[in-house]
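# Residue-level structure breakdown
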Amino acid sequence: MRKWIAAAVAVPVVAAGAAAFLWLRGGDLPRPATLRSETTSAIYAPIATRAADPAPLTVGEVFPAGSVAAGGATLARQGTETLTDCAAAVWGGAEEAVAGCGQALRARYASADGRVFGQFVIFNLADAAAADRLVRAFSGPRDGGGGFVRLAPEAPDGFGAARSWAQVRALGHYVTVSWVGPVGGGGRVDLTYPQVALDSLSLAVQRRLTR
């Protein structure tokens, strides 16, 4: 189990078989240029419902360290939020999909040079079916009832959503969203390891399987 847990997060987002696509552009609300999404699996059956896993998430559980790192990329935590109104963290069709969500935790991260900004959000939903519905809402087109998470109010003005990447996972009754992108109009920024580093925060859910 522990080997599987490590592998689940450590796989680079460029791995073969990842479902990547360009999102439709338009409108005022930012969304990632490239999204990879996964619905839940039987592995998470022990935490398929909030009734079976009732303890609320805590900031210390989900964000236990001051930074995340992978492949030489390090992102330092800039701040965290605990939201009881999950609809405040999303827009579009995703607002309906978070009905029954008990809490959302959000954290902001940045590289030391300020060239990469990221945010991680985890939603505590009623059950795995609700988690999968939220993933599908995030994956839907803007003009077809889709939506995405809102950028935190403290996100930098120069965040390049048009060049950003996001990973969305349903893990039992939870949904995690890791979203990274370049800041400013400089040259190309490799987001591979910043994405892997931020997505490692999903291990908070894996640890609930081993309790």
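Refer to the structure above for everything that follows.
To keep things clear, this report deals only with the structure shown in the data block.

What counts as what
Residues numbered from 1 in each chain as written. Predicted model: local features only at pLDDT ≥ 70, side-chain atom pairs only at ≥ 80, totals over all residues. Heavy atoms only, no water. Helix = DSSP H or I, 4+ residues; strand = E, 2+ residues; numbered from the N terminus. Buried < 20%, exposed > 50% of the residue type's maximum accessible area, 1.4 Å probe, protein only. Contact = heavy atoms within 4.5 Å. Areas by Shrake-Rupley, 256 points an atom, 1.4 Å probe, with all protein chains shown as cover. Phe/Tyr/Trp six-rings, centres within 6.5 Å; stacked < 30°, edge-to-face > 60°. Expected span 1.5 Å × (residues − 1). Polar contact = N/O pair within 3.5 Å; in protein donor to acceptor, adjacent residues only side chain to side chain. Disulfide = S-S within 2.5 Å. Salt bridge = Lys/Arg side-chain N within 4 Å of Asp/Glu carboxyl O. Pairing = 2+ DSSP bridges.

### Points about the overall build of the chain
In terms of helices and strands, the chain carries 6 helices and 10 strands. Looking at the chain as a whole, 49% of its 211 residues are labelled buried. A separation threshold of at least 6 residues defines the contact pool for the chain, and within that pool the share at least 24 residues apart is 71%. Entry remark: accessible area of the chain is about 9,100 Å², with carbon and sulfur atoms responsible for 55%.

### With respect to the environment of Ala 110
With respect to the helices and strands, the residue Ala 110 is situated in strand 6 (residues 103-111). For Ala 110, a relative accessible area of 15% translates into the label buried. Sequence separation between Ala 110 and Arg 77 is 33 residues; the distance between their C-alpha atoms is 6.7 Å. With near-sequence residues (within four places) excluded, Ala 110 lies in contact with Thr 74, Leu 75, Ala 76, Gln 78, Val 116 and Phe 117.

### Things to note about the packing of aromatic side chains
Inspection of every chain in the model, using the stated rule, returns 6 aromatic pairs. Measuring from ring centre to ring centre gives 6.1 Å for Phe 63 and Phe 120, while their planes differ by 90°; the resulting arrangement is edge-to-face. Note that Phe 63 is positioned in the loop between helix 2 (59-62) and strand 3 (67-70) and Phe 120 in strand 7 (residues 116-124), a separation of 57 residues in sequence. Phe 120 carries the same exposure label as Phe 63, and that label is buried. A ring pair is formed by Phe 159 and Trp 179, whose centres lie 5.5 Å apart and whose planes are at 85°; its orientation type is edge-to-face. Within this pair, whereas Phe 159 is found in the loop between strand 8 (147-149) and strand 9 (165-171), its partner Trp 179 is found in strand 10 (residues 174-182), the two being separated by 20 residues in sequence. We note that Phe 159, like Trp 179, is buried.

### Description of helix 4 (residues 128-139)
An ideal rise of 1.5 Å per residue puts 16 Å on 12 residues; helix 4 measures up with 16 Å between its terminal C-alpha atoms. Among the residues of helix 4, those classed as buried are Ala 128, Ala 130, Ala 131, Asp 132, Leu 134, Val 135, Ala 137 and Phe 138. N-capping of helix 4 is provided by Asp 127, with a side-chain oxygen placed 3.2 Å from the backbone N of Ala 129.

### A word on the state of the cysteines
This model, assessed by the stated rule, comprises 1 disulfide. The residue that forms a disulfide with Cys 86 is Cys 101, at a sulfur-sulfur distance of 2.1 Å. Residues Cys 86 and Cys 101 are joined by a disulfide whose S-S torsion is about -60°; by sign, that bridge is left-handed. Of this pair, Cys 86 sits in the loop between strand 4 (73-83) and strand 5 (90-92) while Cys 101 sits in the loop between helix 3 (94-97) and strand 6; the two residues are 15 residues apart in sequence, bridging distant segments of the chain.

### Things to note about the side chain of Arg 108
Its location among the elements puts Arg 108 in strand 6. Setting aside chain neighbours within four positions, we find Arg 108 in contact with Ala 76, Arg 77, Gln 78, Gly 79, Phe 117, Gly 118, Gln 119, Ala 152, Glu 154 and Ala 155.

### Some details on the pattern of salt bridges
Applying the stated criterion across every chain yields a total of 7 salt bridges. A salt bridge links Arg 169 to Glu 38, with the nearest nitrogen and oxygen atoms 2.9 Å apart. Placement of the pair is Arg 169 in strand 9 and Glu 38 in strand 2 (residues 34-38), with a sequence separation of 131 residues. In the salt-bridge network here, residues are joined through shared partners; they are Glu 38, Arg 169 and Asp 199.

### A closer look at the pairing of strand 4
Where strand 3 meets strand 4, 4 bridges bridge the pair, whose relative direction is antiparallel. Each residue of the ladder has a partner; that of Ala 69, found in strand 4, is Thr 74. Linking two consecutive strands that pair antiparallel, namely strand 3 and strand 4, is a turn of 2 residues; a positive phi of about 55° is found at Gly 71 within it. Bridge count for strand 4 against strand 6 is 8 bridges, and the pairing is antiparallel. When the sheet's bridge partners are listed, Thr 82 is paired in strand 6 with Leu 105.

### Structural notes on the side chain of Ser 111
Topologically, Ser 111 is positioned in strand 6. Assessed through its relative accessible area of 15%, Ser 111 is described here as buried. At 2.7 Å, the side chain of Ser 111 and the side chain of Asp 113 are in polar contact.

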